[in-house]
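Structure at a glance
Single-letter residue listing:
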Amino acid sequence: MTTSSTPALRILRADYANPTHARDLLSLLDAYARDPAGGGTPLSAYAREHLVRALAARADAFSVLAYDGDAPVGLVNAFEGFSTFAARPLVNVHDVVVLASHRGQRIGERMLEAVEHIARERGACKLTLEVLSGNQAARRLYARVGFAPYALDPALGTAEFLQKKL
């Protein structure tokens, strides 16, 4: 089945104050967290209790949900940052979730199109994201919609995403 043959597929911007959207966001993010690509551990009780309220309090946060009929099947969480070189906002795609039952139907592609639309409305100069090097399906999706590694100077190599936990 493809997205084009699924007229019941809806992509929408989440309303954090909507109890259905809040519940579905948590359910989808928990499914992602439990997946090996998300770390294989369910969301903590703390995250489940505080996440939606914390997202709603951040003017830089937005989420996109995908529904197949009334069933939530996809989620993207994104955050606005700032590019000092461009002196404009950027949008970082932080989480991309498509339930296993709905992968291969271009739902991720459609959600990322919605994110790009919102980013353009915000005046963003680019979208950024991180992906695990072994997650080939995600890498194919991101390449298909225009994401690519970048280098400021090819002699210095491509950028890498690093972290330091606090």
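Before any of the text, the structure's been laid out above.
Overview of the structure. This structure is a prediction, so every number in the text was calculated from the model and none was measured. (Residues numbered from 1 in each chain as written. Predicted model: local features only at pLDDT ≥ 70, side-chain atom pairs only at ≥ 80, totals over all residues. Heavy atoms only, no water.)

A cluster of nonpolar side chains, namely Phe85, Tyr150 and Leu152, defines an oily patch on the protein surface of about 440 Å² accessible area. Secondary-structure assignment places Tyr150 in the segment after helix 4 (136-144). (Patch = residues over 30% accessible without salt bridge, like charges linked within 9 Å, V, L, I, M, F, W, Y side chains within 5 Å. Areas by Shrake-Rupley, 256 points an atom, 1.4 Å probe, with all protein chains shown as cover. Salt bridge = Lys/Arg side-chain N within 4 Å of Asp/Glu carboxyl O. Helix = DSSP H or I, 4+ residues; strand = E, 2+ residues; numbered from the N terminus.)

Time to look at the nonpolar core. One finds Val76, Val91, Ile107, Met111, Val115 and Tyr142 to be the most contacted residues of the largest nonpolar core, which totals 22 residues. Per-element accounting of this core gives the leading share, six residues, to helix 3 (residues 107-121). Once residues lying within four places of it in the same chain are set aside, the contact partners of Met111 are Ile11, Val64, Leu65, Ala66, Gly74, Leu75, Val76, Val97 and Val98. (Core = buried A, V, L, I, M, F, W, Y, C linked by side-chain atoms within 4.5 Å. Buried < 20%, exposed > 50% of the residue type's maximum accessible area, 1.4 Å probe, protein only. Contact = heavy atoms within 4.5 Å.)

What follows is about the sheet that holds strand 2 (residues 61-68). On the basis of which strands lie adjacent, the open sheet formed by five strands has the order 1-2-3-4-5 and mixed pairing. Every interior strand has two partners, whereas the edge strands, strand 1 (9-13) and strand 5 (127-129), have only one. Sheet twist, expressed as the average angle between the axes of neighbouring strands with direction ignored, equals 25°. Note: strand 1 against strand 2, five bridges, orientation antiparallel. The partner of Ile11 across the bridge, within strand 2, is Ala66. Contacting strand 1, strand 2, strand 3 (71-83) and strand 4 (88-98), helix 1 (residues 19-34) runs over the sheet at an angle of about 90° to strand 3. (Pairing = 2+ DSSP bridges. Axes fitted to C-alpha atoms, helices over the stretch in contact; angles between N-to-C directions.)

Attention now goes to the pattern of salt bridges. In this structure the tally under the stated criterion is eight salt bridges. A salt bridge links Asp35 to Arg103; the nearest nitrogen and oxygen atoms lie 3.8 Å apart. Of this pair, Asp35 sits in the loop between helix 1 and helix 2 (45-56) while Arg103 sits in the loop between strand 4 and helix 3, and the two are 68 residues apart along the sequence. With a relative accessible area of 23%, Asp35 lands in the partly exposed category. The exposure class assigned to Arg103 is partly exposed, which follows from its relative accessible area of 48%. Here Glu80 makes a salt bridge to Arg122, at a shortest N to O gap of 2.7 Å. With Glu80 in strand 3 and Arg122 in the loop between helix 3 and strand 5, the pair connects residues that are 42 residues apart, well separated along the chain. Residue class for Glu80 comes out partly exposed when judged on its relative accessible area of 29%. Linked by salt bridges that have partners in common, Arg106, Glu109 and Arg144 make up one network.

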